[in-house]
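# Structural overview
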Amino acid sequence: MRLILGSASPRRKEILAQMGLVPDLILPPDIDEDPRKGELPHPYAARLAREKALAVPAGPEDVVLCADTTVALGRRILGKPADAGEAAAFLTLLAGRRHEVITAVAVRRGDRIWARESVSAVKVKRLSDAELNGYLASGEWQGKAGGYGIQGLAGAFIPWISGSFTGIMGLPVAETAALLTAAGWPVWRQA
Ligand SMILES: Cc1cn([C@H]2C[C@H](O)[C@@H](COP(=O)(O)OP(=O)(O)OP(=O)(O)O)O2)c(=O)[nH]c1=O
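Source: prediction; values computed, not measured.

### A few points about the UniProt feature "active site" (unreviewed entry) in the protein
The positions UniProt marks with the feature "active site" (unreviewed entry) are D68. Among the secondary structure elements, D68 is positioned in strand 3 (residues 63-73). Taking the relative accessible area as the measure of exposure, D68 reaches 4% and is therefore buried. Beyond its immediate sequence surroundings of up to four residues, D68 is in contact with R12, E33, Y44, A45, L48, A49, K52, I102, T103 and A104. A polar contact is formed between the side chain of D68 and the side chain of K52, at a distance of 3.1 Å.

### Notes on the confidence of the model for the protein
Across the protein, pLDDT averages 97, with 99% of residues at or above 70. Per the prediction output, this complex has pTM 0.96; the corresponding ipTM is 0.97.

About the cut-offs
Residues numbered from 1 in each chain as written. Predicted model: local features only at pLDDT ≥ 70, side-chain atom pairs only at ≥ 80, totals over all residues. Heavy atoms only, no water. UniProt positions renumbered as here; feature names shortened; annotations may be inferred. Helix = DSSP H or I, 4+ residues; strand = E, 2+ residues; numbered from the N terminus. Buried < 20%, exposed > 50% of the residue type's maximum accessible area, 1.4 Å probe, protein only. Contact = heavy atoms within 4.5 Å. Polar contact = N/O pair within 3.5 Å; in protein donor to acceptor, adjacent residues only side chain to side chain. pLDDT = per-residue confidence, 0-100.

Written out as structure tokens, the structure is:
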């Protein structure tokens, strides 16, 4: 039995380490992440996490862990910005209001899949041009849903959250521990 992290996200590897877990293998899935026409943020995140878990090649006893983090502004899905212009547009949309961050986690062992969602509310303060431009210049928006990472410089833009900090970062520890345990992975053995 091996633990396979199906993710290219360095944050997910770090958060697993925080849980005392080191994956035997990291195999990032390659799936189409485009939302379907009219697809809402919650079903989208849940679908992607499952599709990622199914796309990772694994033996029947291996435990595969995948997740998807989606920023939702009402019915709108904000994914990873393609470039600085899109990151600026996302941050401008998010500034001065609350949004949701959904991280869906899926664990697969053989044909069985266990899945859960972590939902957090995040408030972003109003942003000055200096803040926005400074953040864009940092490049930290790259590869992050909604164009920001709460764990980095953008933490200064976020006065309030309700939910799970690790969920916003990409892997909610409580839900992940529960799913791994359900799938038979001994979460506390290595602690
Ligand atoms: C909102 C937010 C997202 N993120 C990151 C977590 C995820 O890596 C990324 C969302 O993209 P995902 O598609 O969930 O994950 P990924 O493409 O990085 O990796 P993989 O699909 O291989 O698992 O955004 C932060 O690091 N901090 C934040 O505050």
